[in-house]
Amino acid sequence: MSRFLLIGPPGAGKGTQAVLLSQMLSIPAISTGDIFRSNVKNETELGRLAKAFMDAGDNVPDSLTNELVRARLVEDDSVAGFLLDGYPRTVDQVRELDEFLASRDEALDLVIELVADPEVVIARLSKRATEQGRSDDTEAVVRHRLEVYAEQTEPLIDIYSSRGVLVKVDAIGTVEEVTARIADALAARGISVPEPDSAAG
Ligand code: ADP
């Protein structure tokens, strides 16, 4: 039981929790947003193609995204398990991922939904815009990202819920509180999470 997906609106804290959980569970956190951002930063061809979509708050086309994730999932460190953050985020991406995992006799074991009120995430992201200067964190783009989430990603909640693999976790609270809630949700499903060590902060 070590193939996980963190899902939730922009600003719910997926990236932060993904890093902590990956340390606690000793599995890689795979964030498509981070991979795209590092490609933009390094001015690769992929970054050049993705940048306009990201800056507008739109999803990067599946033709660029699916292949990227497949390539990442065949790396050695992902064979025993992984924590996906930000992929899949469309119904088509779910289909792609299902097919890929099925070809290895695998499936997602658990989908953790971080639940957060839109007004709270808007406030969090405007703070992050000031602190980190992410080019897609302006209020207008954030509102658009929330719309894209509602239209294209929220349907995934029902899909995973009907498969019986969804758990909902309240994402409002401190980082530590939310991590503890996720650990409790995992424990309730028989997945034990070791206490974070000092290296994990
Ligand atoms: P957030 O969840 O806060 O929007 P992410 O880091 O997950 O932040 O994504 C940032 C941007 O990267 C998205 O707005 C989108 O343009 C692009 N992106 C990330 N993952 C995907 C994906 N699976 N499919 C399409 N676009 C993606």
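Since the model is a prediction, treat every value here as computed from it, not as a measurement.

Secondary structure summary: the chain contains nine helices and five strands in total. Helices (α) and strands (β) of the chain occur, in sequence order from the N terminus, as β-α-β-α-α-α-β-α-β-α-α-α-β-α. The globule rule puts the C-alpha radius of gyration for 201 residues at 17 Å, and the 16 Å found for the chain is close to it. With respect to the three principal axes, the spread of C-alpha positions in the chain is 40 × 40 × 35 Å. A total of 201 residues make up the chain; the buried ones form 47% of that total. Within the chain, residue pairs in contact and separated by at least 24 positions form 73% of the contacts whose partners lie at least 6 positions apart. Each charge class in the chain can be summarised by its mean position, and for the 21 positive and 35 negative side chains these summaries are 2 Å apart.

With that settled, the discussion passes to helix α3 (residues 45-56). Those residues of α3 that sit buried are Leu46, Gly47, Ala50 and Met54. Down the axis of α3, the smallest arc covering the buried residues is 80°, so these residues share one side. Facing away from the buried side of α3 by over 90 degrees, the exposed positions are Arg48 and Ala52. Residues of α3 that are buried sit in contact with α2 (32-41) and α4 (62-73). Note on α3: the residue one or two positions beyond its end, Gly57, has a positive phi of about 80°.

Moving on, we get to the nonpolar core. Judged by nonpolar contacts, the single largest core of 28 residues is most densely connected at Phe4, Leu25, Ile112, Leu114, Ile182 and Leu186. Secondary-structure elements contributing two or more residues to this core are β1 (3-7), α1 (14-25), β4 (110-115), α6 (118-132), α7 (139-153), β5 (166-170) and α9 (175-188). With five residues, the top contributor of residues to this core is α9. One finds Val94, Leu97, Val111 and Leu156 within the second-largest nonpolar core, a separate group that totals 20 residues.

The local shell around the ligand holds 18 residues, among which Thr32, Asp58, Gly86, Gln93 and Arg145 are the closest. In the model, an oxygen atom of the ligand is placed 2.9 Å from a nitrogen or oxygen of the Lys14 side chain. The side chain of Thr32 places a nitrogen or oxygen atom 2.7 Å from a nitrogen atom of the ligand. Coverage of the ligand by the protein amounts to 96% of the 550 Å² it exposes when considered alone. Sort the elements by how many residues they give to the shell around the ligand and α2 lands first, with four residues. Of the residues that constitute the shell around the ligand, the class distribution is five nonpolar, six polar and seven charged.

In this structure the tally under the stated criterion is one cavity of 30 Å³ or more. Considering the residues around the largest cavity, the lining is formed by Asn66, Val69, Arg70, Leu73, Tyr87, Glu96, Leu97 and Phe100. Where the lining of the largest cavity is concerned, the elements lending two or more residues are α4 and α5 (91-102). Residue contributions to the lining of the largest cavity peak at four residues, all from α4. The residue inventory of the lining of the largest cavity, partitioned by class, reads five nonpolar, one polar and two charged.

What counts, and where the lines are drawn
- Residues numbered from 1 in each chain as written.
- Predicted model: local features only at pLDDT ≥ 70, side-chain atom pairs only at ≥ 80, totals over all residues.
- Heavy atoms only, no water.
- Helix = DSSP H or I, 4+ residues; strand = E, 2+ residues; numbered from the N terminus.
- Rg over C-alpha atoms; globule rule 2.2 N^0.38 Å.
- Buried < 20%, exposed > 50% of the residue type's maximum accessible area, 1.4 Å probe, protein only.
- Contact = heavy atoms within 4.5 Å.
- Lys, Arg positive; Asp, Glu negative; His and termini not counted.
- Charge placed at Lys NZ, Arg CZ, Asp CG, Glu CD.
- Arc of directions from axis to C-beta.
- Core = buried A, V, L, I, M, F, W, Y, C linked by side-chain atoms within 4.5 Å.
- Near = heavy atom within 4 Å.
- Polar contact = N/O pair within 3.5 Å; in protein donor to acceptor, adjacent residues only side chain to side chain.
- Areas by Shrake-Rupley, 256 points an atom, 1.4 Å probe, with all protein chains shown as cover.
- Nonpolar A, V, L, I, M, F, W, Y, C, P; charged D, E, K, R; others polar.
- 1 Å grid on protein atoms, 1.4 Å probe; cavity = no way out; pocket = protein on both sides within 12 Å on 5 of 7 lines; lining within 4 Å.
- Points joined across faces, edges and corners; volume = space filled by probe spheres on them.

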